[in-house]
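Examining the three-dimensional arrangement
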Amino acid sequence: MVKRILRLLLGSIQAKAALSVMVVVTMILGLFGVMEYQMNSQRLEDQLQESATNYAENLGLSLRTSIWNFSVESAVDVLVCTMVDKNITGIFIYDTQSRQLFHALWRNKDGNVMPRQAPGPISETYSIAGRTILKGEAPIGLIQVFMTKRYLQEDLERSMSQTVERMLVLDIAILLSLFVLIRFMLIIPLNHLRHGMERI
């Protein structure tokens, strides 16, 4: 009877202790994982918005002469070179005086850059930056840069997958370590105690 009780107790202690510690560690790692995801998300969005702003600023300077001379061809050359960055989905240039679209390029679903006649419809979330194009102090145009958040989301999902994988590996390592530790520090001494009690 004593032998059976000790055997059940030993198995229960080892399993419950390992499971309890694993649950606590998983909760802590999960909390840190969520915090890391949120910080990475904000950091990447800030970087994307900063990139959009920088592109708008640079294009505002580069396209000044093209807008002033109504040279669509030279404007297109500048826009195509800029849209080498796959994060840029579209660039729109407006003539301030006529308030009409001067020229626009948009990336289609296949990733190809195509002319576009109108801004909409916009079916996904973008970081958008705009800048007034000046000739001297007079506004002659307006530029808008659209940067997709699709690749940002892919980076976040990849980062989250890696975090989950690290958590699983760490959980398994902790579980195995606990079983070994409990066995040598608790189970074996208690087994010696049980054998001693059986001899009595």
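Look above for the structure.
Residues numbered from 1 in each chain as written. Predicted model: local features only at pLDDT ≥ 70, side-chain atom pairs only at ≥ 80, totals over all residues. Heavy atoms only, no water.

Let's talk about the overall build of the chain
Along the backbone of the chain there are four helices and five strands. A burial count over the chain gives 30% of its 200 residues as buried. Summarising the internal contacts of the chain: among those between residues at least 6 apart in sequence, 63% fall at separations of at least 24. About 12900 Å² of surface is accessible on the chain, with carbon and sulfur atoms providing 61% of the total. (Helix = DSSP H or I, 4+ residues; strand = E, 2+ residues; numbered from the N terminus. Buried < 20%, exposed > 50% of the residue type's maximum accessible area, 1.4 Å probe, protein only. Contact = heavy atoms within 4.5 Å. Areas by Shrake-Rupley, 256 points an atom, 1.4 Å probe, with all protein chains shown as cover.)

Thoughts on the environment of Asp95
Mapped onto the fold, Asp95 is located in strand β1 (residues 88-95). A relative accessible area of 12% means that Asp95 is categorised as buried. Sequence separation between Asp95 and Ile133 is 38 residues; the distance between their C-alpha atoms is 9.3 Å. When sequence neighbours within four positions are dropped, the list of residues in contact with Asp95 reads Phe70, Gln100, Phe102 and Ile140. At a separation of 2.9 Å, a polar atom in the side chain of Asp95 contacts the side chain of Ser98. (Polar contact = N/O pair within 3.5 Å; in protein donor to acceptor, adjacent residues only side chain to side chain.)

Observations concerning unusual backbone geometry
With a phi close to 55°, Phe70 is a non-glycine residue in the positive phi region. The residue Phe70 is located in the loop between α2 (64-68) and α3 (72-82) in this model.

Description of the pairing of β1
For β1, the buried fraction is high: eight of the eight residues fall into the buried class. As paired elements, β1 and strand β5 (residues 138-148) share seven bridges and run antiparallel to each other. Residue pairing across strands places Ile88 opposite Met147, the latter belonging to β5. (Pairing = 2+ DSSP bridges.)

What to know about the nonpolar core
With 23 residues, the main nonpolar core has Leu63 and Ile93 as its most contacted residues. The dominant element in this core, judged by the number of residues it contributes, is helix α1 (residues 2-62), at five residues. Setting aside its immediate chain neighbours within four residues, Leu63 contacts Ala75, Val78, Leu79, Ile93, Ile133 and Ile143. Core analysis: the next-biggest nonpolar cluster, separate from the first, contains six residues, Tyr94, Ala104, Trp106 and Tyr126 among them. (Core = buried A, V, L, I, M, F, W, Y, C linked by side-chain atoms within 4.5 Å.)

Some words on the packing of aromatic side chains
Evaluation of the coordinates by the stated rule reveals three aromatic pairs. Ring geometry for Phe92 against Trp106: centres 5.5 Å apart, planes inclined by 50°, an arrangement best described as tilted. Note that Phe92 is positioned in strand β1 and Trp106 in strand β2 (residues 100-107), a separation of 14 residues in sequence. A residue is classified by how much of its surface remains accessible, and Trp106, at 10% relative accessible area, is buried. (Phe/Tyr/Trp six-rings, centres within 6.5 Å; stacked < 30°, edge-to-face > 60°.)

A word on α3
When α3 is considered as a whole, its buried residues turn out to be Ala75, Leu79 and Thr82. Viewed end-on, α3 has its buried residues packed into an arc of 60°, placing them on one side of the element. Opposite the packed face of α3, turned more than 90 degrees from it, sit the exposed residues Glu73, Asp77 and Cys81. (Arc of directions from axis to C-beta.)

With respect to the pattern of salt bridges
Under the defined criterion, the tally for this structure stands at four salt bridges. Taking the shortest distance from any N to any O, the salt bridge between Glu45 and Lys149 comes out at 3.6 Å. Here Glu45, found in helix α1, pairs with Lys149, found in the loop between β5 and α4 (150-199); they are 104 residues apart in sequence, far enough to count as distant. On the accessibility criterion, Glu45 (26% relative accessible area) is partly exposed. Ionic pairing is found between Arg131 and Glu57, a salt bridge with its closest N-O pair at 2.8 Å. (Salt bridge = Lys/Arg side-chain N within 4 Å of Asp/Glu carboxyl O.)

Things to note about the environment of Glu157
As for its position among the elements, Glu157 is in helix α4. The spatial distance from the C-alpha of Glu157 to the C-alpha of Tyr37 is 9.0 Å, given a sequence separation of 120 residues.

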